[in-house]
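Fold and geometry: a report
Chain residues, written in single-letter form:
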Amino acid sequence: MTLARSTKLTIVGAGSVGTSLAYAALIRNSAREIVLYDIARAKAEAEVLDLAHGTPFTGSSRITGGDDIGLVADSDVVVITAGAKQQPGQTRLELAGVNVGILEKMLPELVALAPHAVFILVTNPCDVLTAVAERITDLPAGRIFSSGTVLDSARLRWLVAEAAQVAPQSVHALIIGEHGDTEFPLWSTATIGQTPLPEWRDEAGTLLFPRERLETLTHDVVNAAYRVIAGKGATNYAIGLSGARIVEAVLQDERCILPVSSVLHGYRGIDGVALSVPSIVGAGGVLRVLDTHLDEREEELLQRSARALHESIQLFS
């Protein structure tokens, strides 16, 4: 990637997600300058040193960091990964209390230091935190949002690609709704290449994706994070890559369509709730939320997801 101007990305939190995002951003040359900030000075400085030692093998990006919050100043994008991590068996919404408190304390200072930045939340539960973040800042609409179901959609595309034996880049399918237990895929518009998913056949002519298989795939995507957490304690690599991809969409003003989560206002009757729906992402953050096609079942699932999150958001309003 060729960067048209000097760009600064700050990652708040030097845990497994923050460092994976920094690593991905360095390799992908997502920003010219990458800052890793954490209140744990020794941890932040050690991670920066380890990453910096690898920069002779990457692009022209440089990385610095530490425990001085002043490092955030004049950032173009701030990605917040700091917070309590999800424990085995714990739902994302159960994380809400602790991480809302952390966000309420930290976010105003971050905005003051980088008033023109786009803020991207990765900390879970990201939908609840996005709604809280909009309430405690006066940022323009779209300037603060979360990674939403970008990773979930990538998981879906990978699973479909494995089943169909095609490249994941040729699978066009999205997960929308809550980044959590009520998320769901848009099967009605999913395709492999230009072929609708229900019409895809293998070389023997057998339909690969009957309704039962779609239900299995849905279950596998929704529970993917729990499976990773049970085995290794955290998810980090894939969310790091997906976070870097979102950062690039902002810094390069790509205006690409991603299922990020922003607070919806009057969207299919949903108001004041942050949910992932297809959105145009570019300089300035979420530029436009798209009213995509939903079949009757998908509409019901979207409203169910909105209700679940509305109840959680009300606890912190």
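Summary of the structure given here. (Residues numbered from 1 in each chain as written. Predicted model: local features only at pLDDT ≥ 70, side-chain atom pairs only at ≥ 80, totals over all residues. Heavy atoms only, no water.)

Our next topic: the sheet that holds strand E10 (residues 191-192). The strand order across the open sheet formed by 3 strands is E7-E10-E11, and the pairing between neighbours is antiparallel. Every other strand in the sheet has two partners, leaving strand E7 (171-172) and strand E11 (195-196) as the edge strands with one partner each. Bridging between E7 and E10 involves 2 bridges; their strand directions are antiparallel. Its bridge partner lying in E10, histidine 172 is registered against threonine 191. (Pairing = 2+ DSSP bridges. Helix = DSSP H or I, 4+ residues; strand = E, 2+ residues; numbered from the N terminus.)

The next thing to look at is the pairing of strand E1 (residues 8-12). Of all 5 residues in E1, 5 are buried; the element is thus mostly enclosed. Judged by which residues are buried, E1 turns out to be covered on both faces: Lys8, Thr10 and Val12 on one side and Leu9 and Ile11 on the other are all buried. In this structure, E1 lies alongside strand E2 (residues 33-37), joined through 5 bridges in parallel fashion. When the bridges of E2 are listed, valine 12 appears paired with tyrosine 37. Handedness of the crossover joining E1 and E2 through helix H1 (residues 16-28) is recorded here as right-handed. As paired strands, E1 and strand E4 (residues 77-80) are joined by 4 bridges and run parallel to one another. Looking at the pairing, valine 12 lines up with isoleucine 80 of E4. (Buried < 20%, exposed > 50% of the residue type's maximum accessible area, 1.4 Å probe, protein only. Right-handed = clockwise from strand over helix to strand, strands pointing away.)

Take helix H9 (residues 296-314) next. In this model, H9 (19 residues) spans 27 Å end to end at C-alpha, consistent with the 27 Å of a helix rising 1.5 Å per residue. Glu298, Leu301, Leu302, Ser305, Ala306, Leu309, Ser312 and Ile313 are the residues of H9 that are buried. Seen end-on, H9 carries its buried residues on one side only, within an arc spanning 140 degrees. Facing away from the buried surface of H9 by more than 90 degrees, the exposed residues are Glu296 and Glu311. Contact partners of the buried residues in H9: helix H4 (126-136), strand E8 (175-176), strand E9 (184-185), strand E13 (261-267) and strand E14 (270-276). With a side-chain oxygen positioned 3.2 Å from the backbone nitrogen of arginine 297, the residue opening H9 is aspartate 295. (Expected span 1.5 Å × (residues − 1). Arc of directions from axis to C-beta. Contact = heavy atoms within 4.5 Å. Polar contact = N/O pair within 3.5 Å; in protein donor to acceptor, adjacent residues only side chain to side chain.)

The next point concerns the sheet that holds strand E15 (residues 279-282). The 3 strands are arranged E12-E15-E16 in an open sheet whose pairing can be described as antiparallel. Lying at the two open borders of the sheet, with one neighbouring strand each, are strand E12 (256-258) and strand E16 (285-289). Averaged over all neighbouring strand pairs, the angle between strand axes comes to 40 degrees, with direction disregarded. (Axes fitted to C-alpha atoms, helices over the stretch in contact; angles between N-to-C directions.)

The subject of this paragraph is the pattern of salt bridges. Evaluated as defined, the whole model comprises 10 salt bridges. Between glutamate 254 and arginine 245 there is a salt bridge whose closest N-O contact spans 2.7 Å. The exposure class assigned to glutamate 254 is partly exposed, which follows from its relative accessible area of 32%. On the basis of relative accessible area, arginine 245 is assigned to the partly exposed category, the value being 27%. When the shortest N-O distance is used, the salt bridge between glutamate 299 and arginine 268 registers 2.4 Å. Pair noted here: glutamate 299 is in helix H9 and arginine 268 is in the loop between E13 and E14, with a separation of 31 residues, a long-range link. Salt bridges sharing common partners tie together Arg211, Glu215 and Arg297. (Salt bridge = Lys/Arg side-chain N within 4 Å of Asp/Glu carboxyl O.)

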